[in-house]
Amino acid sequence: MKDASLDEAEALAAASDVAPAGISAGPGLWPLTAAAQRTLAGPATVTGIGLHSGVDVTLTLRPAAADSGIWIRRADVTDRDPMIPARWDHVVDTRLCTTLGNAAGVTVATVEHLMAALAGLGVDNAELVVDGPELPVMDGSSAAFVALVETAGTIAQGAPRHAVRLVDTVTVEDGESVASLRPAPRGLSIDATIDFDSAAIGRQHRVVSVTPDSFRRDLADARTFGFRHEVEGLRAMGLARGGSLDNAVVVDGDAILNPEGLRHDDEFVRHKALDVLGDLALAGHPVIGAYSGHRPSHRLNNLLLRALFAQPQAWRFEPALSTAGAGDAARHAGDRRRA
Ligand SMILES: [Zn+2]
């Protein structure tokens with residue numbers, strides 16, 4: 001894994017020679033406390049089973065230019081446009097997972113756990129090449145995708161990162177589900193509550209302030225879950241053919257069927273928070289705000305982004321500050337000069 005923070009510190013150090021912290025350093029540069037966009041340092045590939053097809057798919061993460069965002073390319077599609085932008089307005093189905101599609105009708109399913117890993121680790125620009133209609137499910141969490149990004153490494157790019165900052169609260173409801181985004185001073189926090197009749201899950205609540213460290217520690221390894229009767233219903237419809245105890249926590253009544261049990265007592269709500277991060281990543285930029293969701297779903301999260309972007313007065317687009325504050329940046333710059 002390449003050391004991501006060094007590149008950023010280096011860029012800051014170079015810029016600090018020409019302008020004091022917080023002041024725009026001239027054409028082509030940006031305020032010194034702004035964060036740089038990041039992409040992958042190189043390609044990385046993984047193969048795994050598709051949850052619904054049950055067929056192996058190969059996924060390759062590739063670097064992409066600054067300001068391009070995240071795109072998915074269907075390598076197996078050659079007769080139509082194979083490029084699908086990973087954006088909220090290209091979500092075409094949210095029933096079992098988040099599915100993206102383009103104007104040519106080309107789709108890719110189960111994008112949320114990889115999107116969560118990219119957002120959690122601060123990757124702004126990447127091309128995700130896949131040779132089938134869904135991303136591999138791996139173990140049902142983001143853990144394998146975190147490992148994949150770390151294998152590739154990440155690098156800072158010569159452009160400032162921009163964020164969508166909430167300036168007014170946006171709320172959506174969908175049946176018993178409610179979600180809102182409200183203004184917050186910095187970063188993204190996710191407050192999620194779930195409530196299931198099954199005693200194996202019950203009511204769980206968690207608040208996560210999203211950083212690369214908290215994402216790795218608290219969310220990345222939480223697996224998706226489902227109920228045995230639902231899985232059987234999906235199989236009857238020809239779906240979830242790849243679903244097994246290897247890639248989901250399966251609940252039957254009040255029991256958990258996985259022999260290894262849970263990875264965390266509250267693995268279920270951790271996974272919901274992971275899904276929220278992956279769904280909000282489809283904003284196309286980091287979101288600065290506080291998310292709160294009661295019984296969140298992919299559908300609810302997409303409705304929330306649609307409501308947000310339908311209300312231009314509720315948000316503004318602005319340079320994202322580096323997670324290192326101005327003082328930290330200056331200190332890093334000093335360290336580099338002394339070295
Ligand atoms: Zn999920």
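The protein chain has the name UDP-3-O-acyl-N-acetylglucosamine deacetylase in an unreviewed UniProt entry, where Roseospira goensis is given as its organism. Quoted verbatim from the Function (unreviewed entry) field of UniProt, the annotation for the protein chain is "Catalyzes the hydrolysis of UDP-3-O-myristoyl-N-acetylglucosamine to form UDP-3-O-myristoylglucosamine and acetate, the committed step in lipid A biosynthesis." UniProt annotates the protein chain under Catalytic activity (unreviewed entry) with the comment "a UDP-3-O-[(3R)-3-hydroxyacyl]-N-acetyl-alpha-D-glucosamine + H2O = a UDP-3-O-[(3R)-3-hydroxyacyl]-alpha-D-glucosamine + acetate".

S.K.: What am I meant to see in the nonpolar core here?
M.R.: Note on soluble globular proteins: their nonpolar side chains tend to be buried together. Residues Leu118, Val149 and Leu277 are the most contacted members of the largest nonpolar core, which totals 87 residues. For Leu118, the residues in contact, after removing those within four places along its chain, are Ile70, Val123, Ala126, Val149 and Ala281.

S.K.: Whenever I open this one, the sheet that holds strand S8 (residues 107-108) confuses me. Can you help?
M.R.: The strands that make up a sheet pair up through hydrogen bonds in the backbone, lying either parallel or antiparallel. Read across the open sheet, the three strands follow the order S6-S7-S8; overall the sheet is antiparallel. Taken across any chain shown, the strands that pair with only one partner, and hence form the sheet edges, are strand S6 (91-93) and S8. In this structure, S6 lies alongside strand S7 (residues 99-101), joined through two bridges in antiparallel fashion. Within the sheet, the bridge partner assigned to Asp93 lies in S7 and is Thr99.

S.K.: Help me understand unusual backbone geometry in this model?
M.R.: Backbone phi values are negative for most residues with the exception of glycine, while trans is the configuration of most peptide bonds. With a phi close to 60°, Thr110 is a non-glycine residue in the positive phi region. As for its placement among the helices and strands, Thr110 is situated in the loop between S8 and helix H2 (112-120). According to the C-beta neighbour criterion, Thr110 is buried, with 22 such atoms within 10 Å. Not every positive phi belongs to a glycine, and Arg295 is a case in point at roughly 55°.

S.K.: Can you walk me through the UniProt feature "active site" (unreviewed entry) in the protein chain in this structure?
M.R.: Mapped onto this numbering, the UniProt entry annotates "active site" (unreviewed entry) at His298. Turning to its location among the elements, His298 is positioned in helix H7 (residues 298-309). C-beta crowding within 10 Å serves as the criterion here: with 22 such atoms nearby, His298 is assigned to the buried category. Here His298 is in contact with Thr94, Cys97, Thr98, Glu112, Asp275 and Asp279, once residues within four sequence places are set aside.

S.K.: What exactly am I supposed to notice about the pairing of strand S19 (residues 287-294) here?
M.R.: Along any regular strand the residues' side chains alternate between the sheet's two faces. Taking burial as the measure, the eight residues of S19 include seven buried ones, the bulk of the element. One ladder, built from five bridges, connects strand S13 (residues 177-182) with S19; its direction is antiparallel. Looking at the pairing, Arg182 lines up with Ala290 of S19.

S.K.: Looking at this model, I keep getting lost on the sheet that holds strand S3 (residues 56-63). Mind explaining?
M.R.: Pairing is mixed across the open sheet formed by five strands, whose spatial order is S2-S3-S9-S4-S5. Single-partner strands in this sheet number two, and they are strand S2 (44-49) and strand S5 (83-85). Each adjacent strand pair in this sheet contributes to an overall mean axis angle of 25°, direction not counted. The sheet contact formed by strand S4 (residues 70-74) and S5 spans three bridges and is antiparallel. Counted as the bridge partner of Arg73 is Met83 from S5.

S.K.: Even after reading the chapter, I still don't get the UniProt feature "binding site: Zn(2+)" (unreviewed entry) in the protein chain, so can you show me in this structure?
M.R.: Under the UniProt annotation, the feature "binding site: Zn(2+)" (unreviewed entry) is placed at His113, His271 and Asp275. A compact arrangement is adopted by the annotated residues: their sequence extent is 163 residues, whereas the largest C-alpha distance between any two is 9.4 Å. Looking at where His113 falls in the secondary structure, it is placed in helix H2. The class for His113 is buried, based on 30 C-beta atoms found within 10 Å. For His113, the contacting residues outside a window of four places in its chain are Ser141, Ser142, Phe145, Leu274 and Gly278. Residue position: Asp275 is located in helix H6 (residues 267-280). Owing to 27 C-beta atoms within 10 Å, Asp275 belongs among the buried residues under this scheme. Aside from chain neighbours lying at most four places away, what touches Asp275 is Glu112 and His298.

S.K.: What exactly am I supposed to notice about the pairing of S4 here?
M.R.: Within S4, four of the five residues are buried, which leaves it mostly tucked inside the rest of the structure. Two strands pair when backbone bridges link them, and S4 and strand S9 (residues 126-130) are joined in this way by five bridges, in the parallel orientation. When the bridges of S9 are listed, Ile70 appears paired with Ala126.

Each value, and the rule that gives it
- Residues numbered from 1 in each chain as written.
- Predicted model: local features only at pLDDT ≥ 70, side-chain atom pairs only at ≥ 80, totals over all residues.
- UniProt positions renumbered as here; feature names shortened; annotations may be inferred.
- Core = buried A, V, L, I, M, F, W, Y, C linked by C-beta atoms within 7 Å.
- Buried ≥ 20, exposed ≤ 12 C-beta atoms within 10 Å, placed from the backbone.
- Contact = placed C-beta atoms within 7 Å.
- Pairing = 2+ DSSP bridges.
- Helix = DSSP H or I, 4+ residues; strand = E, 2+ residues; numbered from the N terminus.
- Axes fitted to C-alpha atoms, helices over the stretch in contact; angles between N-to-C directions.

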